[in-house]
Amino acid sequence: MAKLHSKLIWLILIILLVFVAYLYWVPSQKVDGRRGGAAVAVSTAKVETKAMIRSISSLGTGIANNSITLTSPTSDFITELNIREGKLVKRDEVIARLHDVEERARVTELQGILVDQKRQLDRLKNLATTQATAQQMLDEQQTKVNTTLAQLDIATAQLAEMTITAPFDGYLGLRQVSQGAYINTGTAITTLDDLAVLRVAFSVAEHYLAEIKVGMPLTVTNAAYGDVRFAGTVSAIDTRLDPLTRTVTVHGTLPNDDLRLRPGMLLNVNLVLEQHVAKQISEKALVPQQQKQFVYKVSADNTVQQVEVTIGQRIPGWVEIIGGLEEGDEVVVEGIQKLRSGVTINRVGG
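For clarity, every value in this text was computed on a predicted model and none was experimentally measured. (Residues numbered from 1 in each chain as written. Predicted model: local features only at pLDDT ≥ 70, side-chain atom pairs only at ≥ 80, totals over all residues. Heavy atoms only, no water.)

### Examining the packing of aromatic side chains
To describe a pair of aromatic rings, one takes the distance between the centres and the angle between the planes. This model, assessed by the stated rule, comprises 2 aromatic pairs. A centroid spacing of 5.0 Å and a plane angle of 70° characterise the contact between Phe77 and Tyr182, whose relative ring orientation is edge-to-face. A residue pair is termed long-range when its members are at least 10 positions apart, and Phe77 in strand E3 (residues 76-81) and Tyr182 in strand E8 (residues 182-183) qualify at 105 residues. Here Phe77 falls in the partly exposed class, since its relative accessible area comes to 43%. The class for Tyr182 is partly exposed, based on a relative accessible area of 45%. Judged by centre distance (5.7 Å) and plane angle (70°), the ring pair of Tyr225 and Phe230 falls under edge-to-face. Its guanidinium or amino end placed over the ring of Trp318, Lys50 lies 3.5 Å from that ring's centre, counting from NZ or CZ. Above the face of the Tyr225 ring, Arg260 is positioned so that its terminal group lies 5.4 Å from the ring centre. (Phe/Tyr/Trp six-rings, centres within 6.5 Å; stacked < 30°, edge-to-face > 60°. Helix = DSSP H or I, 4+ residues; strand = E, 2+ residues; numbered from the N terminus. Buried < 20%, exposed > 50% of the residue type's maximum accessible area, 1.4 Å probe, protein only. Lys NZ or Arg CZ within 6 Å of the ring centre and 35° of its normal.)

Structural data, given as structure tokens:
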């Protein structure tokens, strides 16, 4: 009985050893099978050398280079109105003229008085050279001349206010008044915008403040023109940041000879911070491990090897390769989770 029991124990031990050996043998056979013939389906791409553009996007508002609302400096009737809505006017061109009969008469009156006073002043100057008593009369007459000159300056300025002219070249807006109407001081007549150059105002996060410089290139798009890009440059950076949003206001200028861009437009701004040529791969190819980055590089025999790479700057979807790969090297970008060094791949996309 004891001998039978001993044989049974040995039989059980042998069975257990065979079972354990089987457990180790089957996975190794699967691995060997994969290494030997079962290729892993992956997508690959080659290392490219191309321009790496790092930029930021923001929403901006179009602003005319110069923009004013022409208003009446005084109250009176409009006797002349030269508003061609939407048309170009030149600097000093008359836009409107108010009833100025009294102002013109006052200027003419003072000019006549001044001529007579100056004639008397010249006569007294001649007398003062021979008569001491004439000096007092000369001083009094000089005072009268000076007073009349001051009054004439005031009257001339009042007359000038009756004529409203364009202070710069620009395009007139919609007419707000009619000829013959009586308008009060401050009444809006029309608008004037210099549209040859359009400014765009947009906000940039504090994080980028040190990188923004006057003269940097930017582009804008607008819903009205689809994918058409309008190129310009940064013209000014505000000296203050908004304490609530921690953003800085930046102004750009855009040539606008065709007048397609208008003040008040919502503009999508793209500001280029940096642009240089660099080796790049898709971000999906990276395999991070602790503080290092790796990729699976494809060899000539369609096997892969895990290679450590040194990366630089990142842009959406792409990463700069500083070391570890050369231009033209092929790396796996999809199916990485199934790989390890030495595995054979089968390309199913690129």
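### A closer look at the nonpolar core
Counting residues in hydrophobic clusters, the biggest one holds 20 residues, and the most contacted among them are Phe202 and Leu271. At the level of secondary structure, the elements contributing two or more residues to this core comprise strand E9 (188-205), strand E10 (217-221), strand E11 (230-241), strand E12 (247-255) and strand E13 (266-282). Dropping the residues within four chain positions of it, Phe202 is found in contact with Ser58, Leu59, Gly60, Leu218, Val248, Thr249, Val250, Gly252, Val269 and Leu271. Core analysis: the next-biggest nonpolar cluster, separate from the first, contains 17 residues, Ile83, Ala96, Met162 and Leu172 among them. (Core = buried A, V, L, I, M, F, W, Y, C linked by side-chain atoms within 4.5 Å. Contact = heavy atoms within 4.5 Å.)

### Points about the pattern of salt bridges
Under the criterion given, the structure shown has 13 salt bridges. For Arg119, the salt bridge is made with Asp116, and the minimal N-O distance between the two is 2.6 Å. Of the two residues, Arg119 and Asp116 are both situated in helix H2 (residues 101-128); the distance of 3 residues between them amounts to about one turn of the helix. By relative accessible area, Asp116 is classed as partly exposed at 29%. (Salt bridge = Lys/Arg side-chain N within 4 Å of Asp/Glu carboxyl O.)

### Describing the pairing of strand E17 (residues 318-323)
Where E13 lies against E17, 3 bridges are found, and the strand directions are antiparallel. Within the sheet, the bridge partner assigned to Gln280 lies in E17 and is Glu320. Examined bridge by bridge, strand E16 (residues 304-315) and E17 share 4 bridges and lie antiparallel to one another. Looking across to E17, one finds that Thr310 is bridged to Gly323. (Pairing = 2+ DSSP bridges.)

### Topic: a nonpolar patch on the surface
Together, Ile9, Trp10, Ile12, Leu13 and Leu16 make up a nonpolar patch on the protein surface, roughly 510 Å² of accessible area in all. Tracing the backbone through its elements, the reader meets Ile9 in helix H1 (residues 2-36). (Patch = residues over 30% accessible without salt bridge, like charges linked within 9 Å, V, L, I, M, F, W, Y side chains within 5 Å. Areas by Shrake-Rupley, 256 points an atom, 1.4 Å probe, with all protein chains shown as cover.)

### Some words on the side chain of Asn256
As for its position among the elements, Asn256 is in the loop between E12 and E13. The exposure class of Asn256 is buried, given its relative accessible area of 0%. Residue contacts for Asn256: discarding those within four places in its chain leaves Leu195, Ala196, Val197, Leu198 and Leu261.

### Section: unusual backbone geometry
The residue Arg246 is not glycine, and still its phi comes out positive at about 55°. Here Arg246 lies in the loop between E11 and E12. Of note, Leu259 is a non-glycine position whose phi angle comes to about 60°, a positive value. Summarising the element assignment, Leu259 is placed in the loop between E12 and E13.

### A closer look at the environment of Val42
Its location among the elements puts Val42 in strand E1 (residues 40-46). The class of Val42 is buried, set by a relative accessible area of 1%. C-alpha separation for the pair Val42 and Arg347, spaced 305 residues apart in sequence, amounts to 5.3 Å.

### Re the sheet that holds E8
In space, the 4 strands of this open sheet follow the order E6-E5-E3-E8, with antiparallel pairing throughout. Lying at the two open borders of the sheet, with one neighbouring strand each, are strand E6 (163-165) and E8. Examined bridge by bridge, E3 and strand E5 (residues 94-98) share 3 bridges and lie antiparallel to one another. For Ile78, the partnering residue across the bridge sits in E5 and is Leu98.

### A closer look at the side chain of Gln280
Counting through the fold element by element, Gln280 comes out in strand E13. Its relative accessible area of 1% is what places Gln280 among the buried residues. A polar contact of 3.4 Å, which involves the side chain of Gln280, links it to the backbone oxygen of Ala51. In contact with Gln280, other than residues within four places in its own chain, are Lys46, Val47, Glu48, Lys50, Ala51, Met52, Ile315, Trp318 and Val319. (Polar contact = N/O pair within 3.5 Å; in protein donor to acceptor, adjacent residues only side chain to side chain.)

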